[in-house]
Amino acid sequence: MHIIQYLEHIQSSISITEGELDEEEEFFLIDALSYDDQNVWSLASLILSQGSQSTILNVLDELPDLSLEVRMLWASLLFQMPFYQPYDYLLQELRTATHPPYIEVLITCLEQTTYFVLPLVFLQLSVDDRTYRDRLKQLLKRMGFAKFKKHLILFPELPHEAILRDVFGDELIDSLSKK
């Protein structure tokens, strides 16, 4: 059976089993992520992205060793996940990425997520890496103050206040204490 046909077979069997992959299928799909054929790794990615949290965590373990193209696709699949590990991975990728289009994909995906990433971003703002901190500031700016205002208001003292002032300006940060 041709690899694409086998992937399509797995995809159709998943709908029957309500999204559960057996161990052999999961291993095959993860292995398919390293194929040179874009049709193979993109279909395998789409199938895996519908898997369980355990499946996604197994993919996250393999992603750093995969091609940039595969990691770029996965960034767009991970930003919709309902648990924190994908966002931790995306932030680590943002820290180490060197390819400008990939950096843009990472920031865009993190910016668009509905998952509450602010605590994860706050944890990362303490790093000494200026380039990474600048990327995080760019992310915060693109996410917008309105997205975080209701959460920032709850802090008796703002974490990383100097950075937040740099990103959003004194007027917006001062407005938090007037509520």
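Structure first, text after, so check above.
Presented here is an overview of the structure given in this document. (Residues numbered from 1 in each chain as written. Predicted model: local features only at pLDDT ≥ 70, side-chain atom pairs only at ≥ 80, totals over all residues. Heavy atoms only, no water.)

1. Examining helix α10 (residues 145-152)
Point 1. Regarding α10, the residues found buried are F145, F148 and L152. Mapping the buried residues of α10 onto a view down its axis gives an arc of 80 degrees, with all of them on the same face. Away from the buried face of α10 by more than 90 degrees, exposed residues A146 and K150 are located.
Point 2. Contact partners of the buried residues in α10: α8 (118-124), α9 (130-143), α11 (161-168) and α12 (170-177). (Buried < 20%, exposed > 50% of the residue type's maximum accessible area, 1.4 Å probe, protein only. Helix = DSSP H or I, 4+ residues; strand = E, 2+ residues; numbered from the N terminus. Arc of directions from axis to C-beta. Contact = heavy atoms within 4.5 Å.)

2. Focus: the environment of V167
Point 1. When you line up the elements, V167 lands in helix α11.
Point 2. A relative accessible area of 7% means that V167 is categorised as buried.
Point 3. Taking the C-alpha atoms as reference, V167 lies 18 Å from D128; in sequence the two are 39 residues apart.
Point 4. Excluding residues that lie within four positions of it along the chain, V167 makes contacts with K137, L140 and K141.

3. Here's the deal with the side chain of T55
Point 1. With respect to the helices, strands and loops of the structure, T55 is situated in helix α4 (residues 53-62).
Point 2. By relative accessible area, T55 is classed as buried at 3%.
Point 3. Contacts of T55, omitting those with residues within four sequence positions, involve L21, E26 and L48.

4. Considerations on the pattern of salt bridges
Point 1. Evaluated as defined, the whole model comprises seven salt bridges.
Point 2. Residue E111 is joined to R142 by a salt bridge in which the shortest nitrogen-to-oxygen separation is 2.9 Å. With E111 in helix α7 (residues 100-112) and R142 in helix α9, this residue pair connects regions lying 31 residues apart in the sequence.
Point 3. Take R142: its relative accessible area is 29%, and that puts it in the partly exposed class.
Point 4. Linked through salt bridges whose partners overlap, the residues forming this network are E161, R165, D170 and D174. (Salt bridge = Lys/Arg side-chain N within 4 Å of Asp/Glu carboxyl O.)

5. Section: the packing of aromatic side chains
Point 1. Summed over all chains, the structure comprises four aromatic pairs.
Point 2. Between the aromatic rings of Y87 and Y115, the centroid separation amounts to 4.5 Å while the plane-to-plane angle is 10 degrees, which identifies the pairing as stacked. Here Y87, found in helix α6 (residues 85-96), pairs with Y115, found in the loop between α7 and α8; they are 28 residues apart in sequence, far enough to count as distant.
Point 3. Since its relative accessible area comes to 1%, Y87 is described here as buried.
Point 4. Taken together, a centroid distance of 5.4 Å and an interplanar angle of 65 degrees make the contact between F145 and F168 edge-to-face. You can see F145 sitting in helix α10 and its partner F168 sitting in helix α11, a full 23 residues away along the chain.
Point 5. Residue class for F145 comes out buried when judged on its relative accessible area of 8%. (Phe/Tyr/Trp six-rings, centres within 6.5 Å; stacked < 30°, edge-to-face > 60°.)

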